[in-house]
Amino acid sequence: MNTAGHTDAAGLDLIPFRGVRYVPEQVGSLAAVTSPPYDVVVRPDGLLHLESADPHNIVRLILPQATTPAARNQQAADTLHAWLREGILAPDAEPSLYVYEQRDNEILQRGIIGALRLSKAEEGVVLPHEDVMPHVVEDRAALMRATSANLEPLLLTYRSDSGSTSGGGTSGAKAVIEHTAERAPLLSTTTEDGFQHRLWSVTDPAEIAEIQSDLAAHQALIADGHHRWATNLRLRAEHPSPSAWDYGLVLLVDTARYPLRVRAIHRYLHRLPVSEALTALGDSFRVRTVEGSLGDALDALAEAAAKSNAFVLAGDGAFHLVDRPSPDLLARTIPGDYPKAWRTLDATVLHATLLDHVWRIPDAPEHIAYIHDTAATVEKAERDGGTAILMHPVREEVVRDLARQGVTMPRKSTSFGPKPATGLVLRALAF
């Protein structure tokens, strides 16, 4: 494994790697072989849609389909090796860092993709902000063991206005990113969600060193990919160091320059009808029916969330705004030995008060689904008879502040975006 430009600094340690990419002449289009991250794909409809988009869509690697977990993982490994052998995928000639750009009508985001040295949360270099589900980590670990590859990058953020050496944009990572984006890209494609994606390689040793020196002064927040980060740490512990397993594939975005969008991740309760959910609330919350569309319900949620904890329950053809929880109920159900910012999170109140105490629903896949798409959450509830819980997003400043205090939020509390497209560049540990 290449370790050019390796640094022993206590901050972020990003190194180049030989990216594995689709050979454009071998696939229908680059857009047709990409996918959202594995946990955003809505199964089964979204999975089938991606599989039918192109026979070489990356979803066949990140979400292989077979009768048993072992068979799925072996299938992914066999598929990856076959695509490399057949020239569908090929490693780049030399190790690179990659500048990655996403753009639509509303947002421009640029960052750097590279192999980042793994570190535990207590080291204070990469800060998680959410808990993880052990069964998901084990599932991802088994897939990564089988393929010996990082199939999709995590999304990490840092802020250049906090201890940056970028000189106001005249040097450092910021300058390299902007200069690189003026060159002809390695690839350019537009996915069906309207985002244009462009990718450049950075191979010049001086530019790589400039990026590394800058990033070594920073810590990063995991914006998306907690389970993959935990998976990387588990697999690093299984392999003697030094090895390629000491690093993981990441996209680093400077949110001082390119702020991310923060959206909520909604919950769907499989076995709890809306009528039962509302009855169980009693007088511990205020409940009102919101007339109008889903958009009207979300507007009402945003207004209520500015004043108290608030949720919208849906699934029976109506939208029920639930807010103003009883202070006595919160005092009895929410642990008091956490910062106020954590105790007052909507996700904290949902899990500690509503799910654990009022509804007594365990946080397990057979009871709760986590869904990014708001309309899809409501549609599933109305179709299947359960309860959709629509959440209001948390501000990035709150997330970062809690992470710096070493406090993790309830799992799936946030959805940062735009997320990097899966399939534009992979990291095979053998190269």
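Residues numbered from 1 in each chain as written. Predicted model: local features only at pLDDT ≥ 70, side-chain atom pairs only at ≥ 80, totals over all residues. Heavy atoms only, no water.

## A few points about the pairing of strand 8 (residues 154-158)
Line of reasoning, step 1. With 5 of 5 residues buried, strand 8 lies mostly within the body of the structure.
Line of reasoning, step 2. Here strand 8 shows no split at all, with Leu154, Leu156 and Tyr158 on one side and Leu155 and Thr157 on the other all buried.
Line of reasoning, step 3. Both strand 8 and strand 11 (residues 220-224) contribute to a ladder of 3 bridges, which runs antiparallel. Bridge pairing in strand 11 links Leu155 to Asp224. (Buried < 20%, exposed > 50% of the residue type's maximum accessible area, 1.4 Å probe, protein only. Helix = DSSP H or I, 4+ residues; strand = E, 2+ residues; numbered from the N terminus. Pairing = 2+ DSSP bridges.)

## Side note on the sheet that holds strand 17 (residues 319-323)
Line of reasoning, step 1. Overall, antiparallel pairing links the 6 strands, which are arranged 15-17-16-19-14-18 in an open sheet. On the outer flanks of this sheet lie strand 15 (286-290) and strand 18 (368-371), each paired with one strand and no other. Pairs of neighbouring strands in the sheet enclose a mean axial angle of 25°, with direction left out of account.
Line of reasoning, step 2. Bridging between strand 16 (residues 310-314) and strand 17 involves 5 bridges; their strand directions are antiparallel. (Axes fitted to C-alpha atoms, helices over the stretch in contact; angles between N-to-C directions.)

## What to know about the pattern of salt bridges
Line of reasoning, step 1. All told, the structure shown has 23 salt bridges when counted by the stated rule.
Line of reasoning, step 2. Note that Lys419 is salt-bridged to Asp224, the shortest N-O span being 3.1 Å. Of this pair, Lys419 sits in the loop between strand 20 (415-417) and strand 21 (427-428) while Asp224 sits in strand 11, and the two are 195 residues apart along the sequence.
Line of reasoning, step 3. Measuring nitrogen to oxygen at the nearest pair gives 3.0 Å for the salt bridge that ties Lys380 to Asp384. Here Lys380 and its partner Asp384 are both found in helix 14 (residues 374-384), 4 residues apart, which amounts to about one turn of the helix.
Line of reasoning, step 4. With relative accessibility at 21%, the residue Lys380 sits in the partly exposed group. (Salt bridge = Lys/Arg side-chain N within 4 Å of Asp/Glu carboxyl O.)

Shape descriptors only; they carry no functional weight alone.
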